[in-house]
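What follows is the residue order along each chain.
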Amino acid sequence: MTEAPGTPESNDGDAEEFDAESRWLSWKAADGKRSDRADEVSYAADLARDAGFDEPFRSTGSAKQWAAEAARSLLDVQFRRPATRTLLPLAYVLGVVSFAIGLPIAFVVLMWKASAVLGVLAALVSIPLGLTIAASVRLMLEFADNAARLAGRVEHISDLADGLFQALSDVAEPVSQLSEDVRAVQFWRFRKKK
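A quick note: this is a predicted structure, and the numbers were derived from the prediction, not measured.

(A) Geometry of the packing of aromatic side chains. Under the definition given, this model contains 0 aromatic pairs. The aromatic ring of tyrosine 92 is capped on one face by arginine 138, whose charged end is 5.5 Å from the ring centroid.

What follows is the structure in structure tokens.
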């Protein structure tokens, strides 16, 4: 067909470039969907593991359910299932009550027994001390929570790696057979000239 005057000529190389670009874009979109699905699966696994414990003190029923699960976790002496996420609220409450509140009060009482001036100074120091201890307890427990989540993700990656290794080993045998078959073909080899 002829083109209308004044229009540029079509170039077949440009068509191939656009085709390659569209394939790249479709691959990129499929990769994005795959990573979104992986994020959803990871999020669903986290929700399944923590089901019902997002706010254990929201209602009496959820508090009872959490207390029963925490008791089961404490009595699991063989560590058959992870209890980090279940016991975090208990550890936080006990840590704040015993260390962030109990230690400063004991410090003020001991200093007050020694002297009234030391008692007043200890009372002034005890508030920042309690806040610092509470923040430290919180940060340590968040570190434990993140370590538990990381361990779950590493386990997931390990499962993916096992699947990938199996898939690659399934492909390796036909590829090696194909390689042997290609080496067996003699017509393509160059003969040495004498």
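(B) Representation of the nonpolar core in the model. Within the largest apolar cluster, 7 residues are counted, these being Leu88, Val96, Ala100, Ile133, Ala134, Val137 and Leu141. Of all the elements in the fold, those that place two or more residues in this core are helix H3 (84–114) and helix H4 (116–184). Examining the composition of this core, we find that 4 residues originate from one element, H4, more than from any other. When neighbours within four sequence positions are excluded, isoleucine 133 is seen to be in contact with Phe99, Ala100 and Leu103.

(C) A look at helix H2 (residues 60–75). In this model, H2 (16 residues) spans 22 Å end to end at C-alpha, consistent with the 22 Å of a helix rising 1.5 Å per residue. Those residues of H2 that fall on the buried side of the exposure criterion are Ser62, Trp66, Glu69, Ala70 and Ser73. Down the axis of H2, the sector holding all buried residues measures 105 degrees, keeping them to one side. Facing away from the buried side of H2, by more than 90 degrees, are the exposed residues Thr60, Lys64 and Leu75. In this fold, the buried residues of H2 make contact with H3.

(D) Up close: the UniProt feature "transmembrane region" (unreviewed entry) in the protein chain. Residues given the UniProt feature "transmembrane region" (unreviewed entry) here are residues 90–112 and 118–141. Annotated as 100% helix and 0% strand, the span residues 90–112 places its first and last C-alpha atoms 31 Å apart. Across residues 118–141 one finds 100% helix and 0% strand; the C-alpha atoms that close the span lie 33 Å apart.

(E) View of a nonpolar patch on the surface. On the surface, Phe107, Trp112, Val117, Leu118, Val120, Leu121, Leu124, Val125 and Leu129 cluster together to form a nonpolar patch covering roughly 830 Å² of accessible area. Sorting the residues of the nonpolar patch by element identifies H3 and H4 as the ones contributing at least two each. The biggest single contributor to the nonpolar patch is H4, with 7 residues. With respect to the helices, strands and loops of the structure, tryptophan 112 is situated in helix H3.

(F) Expanded view of H3. Taking 1.5 Å as the rise per residue, H3 with 31 residues should run 45 Å; its terminal C-alpha atoms sit 42 Å apart, in good agreement. When the local axis directions of H3 are compared, the greatest deviation, roughly 35 degrees, occurs at glycine 102, which is followed within four positions by the proline proline 104. For H3, the set of buried residues is Thr86, Leu87, Leu88, Pro89, Gly95, Val96, Ala100, Pro104 and Val108.

What counts as what
- Residues numbered from 1 in each chain as written.
- Predicted model: local features only at pLDDT ≥ 70, side-chain atom pairs only at ≥ 80, totals over all residues.
- Heavy atoms only, no water.
- Phe/Tyr/Trp six-rings, centres within 6.5 Å; stacked < 30°, edge-to-face > 60°.
- Lys NZ or Arg CZ within 6 Å of the ring centre and 35° of its normal.
- Core = buried A, V, L, I, M, F, W, Y, C linked by side-chain atoms within 4.5 Å.
- Buried < 20%, exposed > 50% of the residue type's maximum accessible area, 1.4 Å probe, protein only.
- Helix = DSSP H or I, 4+ residues; strand = E, 2+ residues; numbered from the N terminus.
- Contact = heavy atoms within 4.5 Å.
- Expected span 1.5 Å × (residues − 1).
- Arc of directions from axis to C-beta.
- UniProt positions renumbered as here; feature names shortened; annotations may be inferred.
- Patch = residues over 30% accessible without salt bridge, like charges linked within 9 Å, V, L, I, M, F, W, Y side chains within 5 Å.
- Areas by Shrake-Rupley, 256 points an atom, 1.4 Å probe, with all protein chains shown as cover.
- Salt bridge = Lys/Arg side-chain N within 4 Å of Asp/Glu carboxyl O.
- Bend = angle between axes of the 7 residues up to and from the residue.

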